[in-house]
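Here are the chains, one letter per residue:
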Amino acid sequence: MGKVIVVTSGKGGVGKTTSTANLGTALALLGKTVVVVDADVGLRNLDIVMGLESRIVYTSMDVIEKQCELSKALVKDRRVDGLTLLAASQKNNKDDIQPEQMKTICDKLRSEHDFVLIDSPAGIERGFSNASAGADEAIVVTTPDVSAIRDADRIIGLLQHAGIEPINLVLNRFSPELVGNGSMMDQEDVLDILNIDLIGIVPEDTGVITSTNRGIPLVYEDASPGSQAYMRIARRLTGQRIPIPDLEQKGLLTNIVNWFRNR
Amino acid sequence: MANSNVALRAYRDGLHLIIRPHLSITEVEEAIQEEISRMNQPLGGASVQIDLKGPTLKPEEMAYLKSKLQETYNLKVRGIDTVDEQVPPPIAAAPTTHTLPQRTVPQQPRDTDPSRIIPYTIRSGQIEDFPQGSLVIYGDVNSGGEVRAGGDIVVLGALRGNAHAGLNNRPSAVIIAMELVPVQLQIGSFINRGPMNQKPRGYPEIARVGVEDVIIIEKFVKF
Ligand SMILES: Nc1ncnc2c1ncn2[C@@H]1O[C@H](COP(=O)(O)OP(=O)(O)O)[C@@H](O)[C@H]1O
Ligand SMILES: [Mg+2]
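Keep in mind the model is a prediction, meaning the values are calculated, not measured.

Caption draft 1: Summary view of the overall build of chain A. Helix and strand counts for chain A stand at twelve helices and eight strands. In terms of overall dimensions, chain A is globule-like: its C-alpha atoms have a radius of gyration of 18 Å, near the 18 Å expected for 263 residues. Counting over 263 residues, chain A shows a buried share of 54%. Partitioning the contacts of chain A with sequence separation of at least 6, the portion at a separation of at least 24 is 76%. On chain A, the mean spot of the 28 positive side-chain charges and the mean spot of the 35 negative ones are 4 Å from each other.

Caption draft 2: View of the site of ligand 1. Residue and element names in this part refer to chain A. Close to ligand 1 lie 16 residues; G13, K16, T17, T18 and N172 are nearest. Within the backbone of G15, one N or O atom sits 3.0 Å away from an oxygen atom of ligand 1. T17 is positioned such that a nitrogen or oxygen atom in its side chain is 2.8 Å from an oxygen atom of ligand 1. Here ligand 1 has 560 Å² of accessible area as a free molecule, and 81% of this is covered by the chains. When contributions to the shell around ligand 1 are tallied by element, the ones reaching two or more residues are helix 1 (16-29), strand 7 (167-174), strand 8 (197-203) and helix 10 (207-214).

Caption draft 3: Main features of the sheet that holds strand 6 (residues 127-130) of chain B. All names here are of chain B. Taking strand neighbours across the sheet as the criterion, the five strands line up as 6-8-10-12-13 in an open arrangement whose pairing is mixed. Each end of this open sheet is capped by a strand with a single partner; those strands are strand 6 and strand 13 (190-193). Direction aside, neighbouring strands of the sheet carry axes that sit 5° apart on average. Of the pairings in the sheet, the one linking strand 12 (residues 184-187) to strand 13 comprises four bridges and is antiparallel in character. The residue bridging I187 from the neighbouring strand is F190, located in strand 13.

Caption draft 4: Up close: the pattern of salt bridges. Residue and element names in this part refer to chain A. With the rule as written, the count across this model stands at 18 salt bridges over all chains. Between D47 and R44 there is a salt bridge, and its shortest N-O distance comes to 3.2 Å. Across the salt bridge formed by R110 and D136, the nearest N and O atoms sit 2.9 Å from each other. With a gap of 26 residues between them, R110 in helix 5 (residues 99-112) and D136 in the loop between helix 6 (126-133) and strand 6 (137-142) connect regions that are remote in the sequence. Judged by its relative accessible area of 11%, R110 falls in the buried class. On the basis of relative accessibility, which here comes to 28%, the residue D136 falls in the partly exposed class.

Caption draft 5: Looking closely at unusual backbone geometry. Residue and element names in this part refer to chain A. In the segment running from E165 into P166, the intervening peptide bond is cis, with an omega of 5°. Summarising the element assignment, P166 is placed in the loop between helix 7 (146-161) and strand 7. Non-glycine residue K66 carries a positive phi angle of around 60°. Examined against the element boundaries, K66 turns out to sit in the loop between helix 3 (60-64) and helix 4 (70-73). For K66, a relative accessible area of 73% translates into the label exposed. A positive phi angle is found at R173, which is not glycine, with a value near 60°. Positionally, R173 belongs in strand 7.

Caption draft 6: Representation of helix 9 (residues 187-194) of chain A. Residues and elements named next belong to chain A. Burial in helix 9 covers these residues: Q187, V190, I193 and L194. Seen from one end, helix 9 has its buried residues packed into an arc of 135°, which puts them on one side. Two residues or fewer after helix 9 comes N195, characterised by a positive phi angle close to 55°.

Caption draft 7: Broad picture of the interface of chain B and chain A. Across the boundary between the two partners, chain B contributes ten residues, which contact eleven residues of chain A. Between chain B and chain A lies a buried interface of about 860 Å² when both sides are counted; carbon and sulfur atoms form 32% of it. Considering only the surface of chain B that becomes buried against chain A, R123(B), S124(B) and R160(B) emerge as the three largest contributors, covering 58% of it. Joining chain B to chain A, the criterion identifies two salt bridges. Close ionic contact of D192(A) with R160(B) constitutes a salt bridge, the shortest N to O distance being 3.2 Å. Counting across the chain B and chain A interface gives eight residue pairs in polar contact (both at pLDDT 80 or more). Here the side of chain B that touches chain A is built from residues that sort into one nonpolar, six polar and three charged.

Here is what the cut-offs are and how they apply
Residues numbered from 1 in each chain as written. Chains lettered and ligands numbered in written order. Predicted model: local features only at pLDDT ≥ 70, side-chain atom pairs only at ≥ 80, totals over all residues. Heavy atoms only, no water. Helix = DSSP H or I, 4+ residues; strand = E, 2+ residues; numbered from the N terminus. Rg over C-alpha atoms; globule rule 2.2 N^0.38 Å. Buried < 20%, exposed > 50% of the residue type's maximum accessible area, 1.4 Å probe, protein only. Contact = heavy atoms within 4.5 Å. Lys, Arg positive; Asp, Glu negative; His and termini not counted. Charge placed at Lys NZ, Arg CZ, Asp CG, Glu CD. Near = heavy atom within 4 Å. Polar contact = N/O pair within 3.5 Å; in protein donor to acceptor, adjacent residues only side chain to side chain. Areas by Shrake-Rupley, 256 points an atom, 1.4 Å probe, with all protein chains shown as cover. Pairing = 2+ DSSP bridges. Axes fitted to C-alpha atoms, helices over the stretch in contact; angles between N-to-C directions. Salt bridge = Lys/Arg side-chain N within 4 Å of Asp/Glu carboxyl O. Arc of directions from axis to C-beta. Buried area = accessible area lost by both parts, 1.4 Å probe. Nonpolar A, V, L, I, M, F, W, Y, C, P; charged D, E, K, R; others polar.

Written out as structure tokens, the structure reads:
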């Protein structure tokens, strides 16, 4: 029996899809069976980030309309064992699916996988209720800026109301340099407001953009800081206890080192 | 803070304009302009006490300043005092509380309405409404969240969102928070927009309607 985890945020563009693709792949690389589910009906892009768009035949809509079996709609990722994708329909919109139908799909997937990761659309309306309907746990993604944090706070309230627990936080696009010069909130400020458990900090990493464009999740690339951050989060999801490295300290140290270099 | 030459402060007897010594009249004018725009709150019709922290403007400059405050900001000067201090501290950085009496709340009896305890944080989009009496929050009120009470509001955490105390036009209500950094406060029919980007001060504060009908915020000591 696996876990269904909704990856959500409230605000768009903070890294839900990036996080779903990388954590799904990372968990599979760790030997888990994983299905990543695109719940962004009408605006799907998890398939692109995963590099699987050309292989999609059926979507969750076809499963709901009984056009095909659930197992047939799962697109197998050939780069790693145990990873599949359930795509969203691009032709429909979010109101064409009911939360109970999503829950039925999640319940089925849970019984056959270690992890079911659901990529939620932005917003707090039907798309969000569909994405969270079958979830046991949640990962809230935010960037360290006030508007993303306010939206994350809103989502956390809704998740708590729905009894989804635990709710873990991924702080994405974190820049030690910007925190160091005082123009970005630090992790303490963010956690002080949101008051949930931090499961990882993903630094700003230009590798994310190139990997998105190539359809190869960052975690296939060992050296990138973003990749390492996602691998650590995946390990934490499997229950390993791994400390969160203090990116700020590193930032400070880099600053000092650079200062000496520049003299 | 923007400048430390002039500070506009709300004390229990009304507004005070605190001016550091040895400034030129133009420096004072500029600093006042900056300070008043920073207040972010209409002051028209209020009266102000000028506190001079040492030797400063000449009498004719003082007279000019008085008429300028009246004309430009509709602020009436109700008195001028010289508050001599050995070492004038940078005013904006110093807490204003040293001139405050110990007790920060007027000694009138509090209303004994029912009160409700909210044992969790009010997050963005959530509203806690209790017109029947006072609210006590065991948690924060986050930006985008709102608390409304007929009586007082006490937040045993950070107040970062909106709070409206004294809902049914009761200006005697107060708002107290361990960290008072709101988006907006309302007491009865009086509104106070929180200052932009305010950092927590590290002590509890109380907001109430002062003698000039503006919401004033002070360090909270005790009832
Ligand atoms: N850690 C990161 N570093 C740099 N760019 C990032 C990072 N995370 C996300 N991005 C970029 O931000 C954009 C939005 O990311 P996406 O995952 O699509 O957000 P969402 O699904 O929340 O709308 C994409 O262009 C992505 O490449
Ligand atoms: Mg997305």
